[in-house]
Amino acid sequence: MAKSTNRLFSYLRRSPCPARRGTILHTDNIDDWIRSAASRRGKSPHRRFETDLHDGRWLMASETVLPNGWNLFVGVEITDLFQSEQSLRQDRDIAMKASQTDDLTGVSNRRHIMACLDDLLAGRSAYGPVHGCTCLIDLDHFKLINDDYGHPTGDRILMRFAEVVRQNIRPKDSFGRVGGEEFLLNLPVTTVDEAHWILKRLLDTVSKAPLLDSEPDLIVRFSAGLCGFVGGETSGQIYRRCDTALYNAKAEGRNRIQIARN
């Protein structure tokens with residue numbers, strides 16, 4: 001009986017495939033797909049799954065193994081429901097992104113970048129053992145930029161600065177605006193020396209040319225407080241160490257990177 005069922009299953013799957021009718025099968029070899037699928041059939045007394053058809057419809061299908069060995073398939077069209085759920089998921093994703101994003105610069109907001117730091121400290125990094133660095137960055141003399149050039153220009157400076165940083169950090173790094181002209185950069189699986197080199201390169205990139213073509217005389221520089229992770233520290237403790245190092249960088253003349261003491 002099982003062989004007969006599998007032969008019927010094979011026929012139903014193979015016959016519409018070349019004409020692109022019926023269920024969409026994501027495979028380059030229909031025979032291999034059928035052999036693989038058939039080998040898994042009948043292992044569970046009941047299963048339910050969603051499947052899409054070439055004509056755009058979606059089905060909720062259930063498969064039940066009957067006492068006589070035959071398989072009973074029941075399919076219910078759920079296209080409208082699926083599309084509604086898809087729209088809800090898209091709305092949820094948009095809302096989630098908005099809750100994590102700084103409105104002006106498009107990078108992570110304070111809540112999200114601090115959550116990224118919490119995840120690193122809790123060992124939820126996909127990039128290896130938890131060690132790394134965090135850096136608090138503050139644009140130098142930003143109040144003077146706003147006073148001399150106006151707040152709209154200041155906003156464009158912040159947006160452009162965030163864009164430049166994103167272009168010059170690694171995919172595993174996280175970057176966000178924590179308020180005003182202050183930004184936080186998390187550098188997972190990175191030594192203090194490596195992080196210091198990354199920041200020096202970023203400082204050179206930012207300060208060697210105007211950020212805005214419309215303001216060729218406006219050169220932006222920043223100061224930074226850098227610290228490596230210390231076992232047992234919370235994100236708040238690390239942030240405070242970075243803030244102290246940043247304060248020292250400002251006190252020593254700005255346009256520099258200060259490494260925090262452990």
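Fair warning: this is a prediction, and the values are worked out from it, not measured in the lab.

Chemist: So what about the packing of aromatic side chains? Which residues, and what values?
Modeler: Taken as a whole, this structure holds three aromatic pairs when the rule is applied. For the pair Phe 161 and Phe 183, a centre-to-centre distance of 5.2 Å together with 55 degrees between the ring planes defines the contact as tilted. On the criterion of sequence distance, the pair formed by Phe 161 in helix α6 (residues 151–167) and Phe 183 in strand β6 (residues 182–188) is long-range, its members being 22 residues apart. Through a chain of ring-to-ring contacts, the aromatic side chains of Phe 161, Phe 175, Phe 183 and Phe 222 assemble into a single cluster. The ring of Tyr 239 carries the charged tip of Arg 110 above its face, separated from the ring centre by 5.1 Å.

Chemist: Describe in detail helix α5 (residues 142–149), supporting the description with residues and values.
Modeler: Among the residues of α5, Phe 142, Ile 145 and Asn 146 are the ones counted as buried. Projection of α5 onto a plane perpendicular to its axis shows the buried side chains occupying an angular sector of 95 degrees, all on one side. Along α5, exposed side chains directed more than 90 degrees from the buried face belong to Lys 143 and Asp 148. Note on α5: the residue one or two positions beyond its end, Gly 150, has a positive phi of about 95 degrees.

Chemist: An account of the packing of helix α4 (residues 110–121) against helix α8 (residues 235–251) is needed here, citing residue identities and associated values.
Modeler: Helix-helix packing is characterised by the crossing angle of the two axes and by the distance between the axes. In contact at an axis separation of 9 Å, α4 and α8 are set at 110 degrees when each is read in the N-to-C sense. Judged on the interaxial angle alone, α8 and α4 are roughly perpendicular. Relative to α8, the crossing made by α4 is right-handed. Facing α4, whose interface residues are Arg 110, Met 114, Leu 117, Asp 118 and Leu 121, α8 presents Ser 235, Ile 238 and Tyr 239.

The rules behind the values
Residues numbered from 1 in each chain as written. Predicted model: local features only at pLDDT ≥ 70, side-chain atom pairs only at ≥ 80, totals over all residues. Heavy atoms only, no water. Phe/Tyr/Trp six-rings, centres within 6.5 Å; stacked < 30°, edge-to-face > 60°. Helix = DSSP H or I, 4+ residues; strand = E, 2+ residues; numbered from the N terminus. Lys NZ or Arg CZ within 6 Å of the ring centre and 35° of its normal. Buried < 20%, exposed > 50% of the residue type's maximum accessible area, 1.4 Å probe, protein only. Arc of directions from axis to C-beta. Axes fitted to C-alpha atoms, helices over the stretch in contact; angles between N-to-C directions. Parallel < 35°, antiparallel > 145°, perpendicular 65-115°, else oblique. Left-handed = near helix turned anticlockwise from the far one by under 90°. Contact = heavy atoms within 4.5 Å.

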